[in-house]
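Coordinates in review
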Amino acid sequence: AVIEADVHRADGTLVPTQTRLSAFQAHDGCSMTAGVVRDVSDRVARERELRDRIDQQAAVTDLGQRAIEEASLDGFLGAVVERVADTLDVEYCQVLDLDEECEELTLREGAGWDPDLVGEATISALEDDSQAAYTLGSQQPVVVDDLTTEWRFSGPELLRTHDVRSGITTVIGSSDEPWGILGVHATEVDAFSRQDATFLDGVANVVTAAIERHRHESELVRQREELVALNSLNDVVRD
């Protein structure tokens, strides 16, 4: 028989174990059972990592399909933050929209944040003022294990007031022409893995493609409207 159970160590930590029991006959004829208990933490961790990777790949695929079907950009961005927060099982996810003239980022869409902050809260886009601002000049996702000991930039008030300790941020668009920032945050220290950063970057690429598609469609609409207006003007002139 095989029994799997979590066992408490003397120091209080919980360890997943597997016990294999085998029956045997003792010299005196009594039936006895012996077992070997093994620590299976590594196996459990690998299985959890595999499940997480499958869930993350499914999320990227589903969001890619949603990007094609969703007519509203804000509707799509809202779906993104909800799905990412759920997939990574974290408290906060946000899309920040960059305003280069004002040198600030606006909370365009968010999951976990107070609804009153969405569309209103801003973060400085100057390099040393926030993780998001620092990310704008980065070529890859920026991971923070503990915001209280972070030395590359300061923690903005928006994160401090929500007890954020760790997070990942990545650029939407390109580092040369950024549109904004996609980020996730947790109240736990060291809550994210390298795999999580790769996943978030993949979602940011999907968001970038969706924004470009909406820009293209908006431009086509504008051109059609100009053509209709020009044709109407020509009709007036001919009359």
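Check the entry above for the structure.
A brief report on the enclosed structure follows. (Residues numbered from 1 in each chain as written. Predicted model: local features only at pLDDT ≥ 70, side-chain atom pairs only at ≥ 80, totals over all residues. Heavy atoms only, no water.)

Comments concerning the side chain of Q195
Tracing the chain through its elements places Q195 in helix α5 (residues 194-238). Q195 sits in the buried class, given a relative accessible area of 15%. The residues contacting Q195, other than those within four sequence positions of it, are E49, D52, R53 and Q56. (Helix = DSSP H or I, 4+ residues; strand = E, 2+ residues; numbered from the N terminus. Buried < 20%, exposed > 50% of the residue type's maximum accessible area, 1.4 Å probe, protein only. Contact = heavy atoms within 4.5 Å.)

Quick notes on helix α2 (residues 73-88)
In a regular helix each residue adds 1.5 Å, so 16 residues correspond to 22 Å; α2 covers 23 Å between its end C-alpha atoms and thus fits that length. Two or three places before D74, at the start of α2, stands the capping residue S72, its side-chain oxygen 3.4 Å from that residue's backbone nitrogen. Residue D89 follows α2 closely and has a positive phi angle near 55°. (Expected span 1.5 Å × (residues − 1). Polar contact = N/O pair within 3.5 Å; in protein donor to acceptor, adjacent residues only side chain to side chain.)

Quick word on the nonpolar core
Within the largest apolar cluster, 31 residues are counted, with the highest numbers of intra-cluster contacts made by F76, V84, L182 and V184. Elements with a minimum of two residues in this core: α1 (41-69), α2, β4 (92-99), β8 (166-173), β9 (178-186) and α5. Dropping the residues within four chain positions of it, V84 is found in contact with C93, V184, F199, L200 and V203. Membership of the second largest hydrophobic core comes to 20 residues, among which are A121, V164, V171 and I181. (Core = buried A, V, L, I, M, F, W, Y, C linked by side-chain atoms within 4.5 Å.)

Some remarks on the sheet that holds strand β5 (residues 104-111)
Taken in spatial order, the 6 strands make up an open sheet running β6-β5-β4-β9-β8-β7, and their pairing is antiparallel. In this open sheet, the two strands that pair with only one neighbour each are β6 (122-124) and β7 (142-144). Shown here is a sheet whose adjacent strand axes are inclined to one another by a mean of 25°, direction ignored. In this sheet, β9 lies alongside β8 in antiparallel orientation, the contact comprising 8 bridges. Looking at β9, one finds that G173 is bridged to P178. Contacts from α2 reach β4, β5 and β9, with the element oriented near 70° to β5. (Pairing = 2+ DSSP bridges. Axes fitted to C-alpha atoms, helices over the stretch in contact; angles between N-to-C directions.)

Focus on unusual backbone geometry
A positive phi angle is found at D89, which is not glycine, with a value near 55°. One can find D89 in the loop between α2 and β4. At D190, a residue that is not glycine, the phi angle is positive and equals roughly 55°. For D190, the position within the fold is in the loop between β9 and α5.

Notes on the environment of V184
Assignment of secondary structure puts V184 in strand β9. Given a relative accessible area of 0%, V184 falls into the buried group. Distance in space between the C-alpha atoms of V184 and G167 is 5.4 Å, their sequence separation being 17 residues. The residues contacting V184, other than those within four sequence positions of it, are V84, L88, V90, Y92, C93, Q94, S166, G167, I168, F192 and L200.

Notes on the pattern of salt bridges
According to the stated counting rule, one finds 7 salt bridges in the structure shown. The residue R108 makes a salt bridge to D74 at a minimum N-O spacing of 2.7 Å. Taken as a pair, R108 in strand β5 and D74 in helix α2 lie far apart in primary sequence, 34 residues in all. For R108, a relative accessible area of 24% puts it in the partly exposed group. For E150, the salt bridge goes to R152, with nearest N and O atoms at 2.7 Å. You can call R152 partly exposed: its relative accessible area is 24%. Overlapping salt bridges, with partners in common, bring together D74, D97 and R108 in one network. (Salt bridge = Lys/Arg side-chain N within 4 Å of Asp/Glu carboxyl O.)

Purely geometric numbers; function is a separate question.
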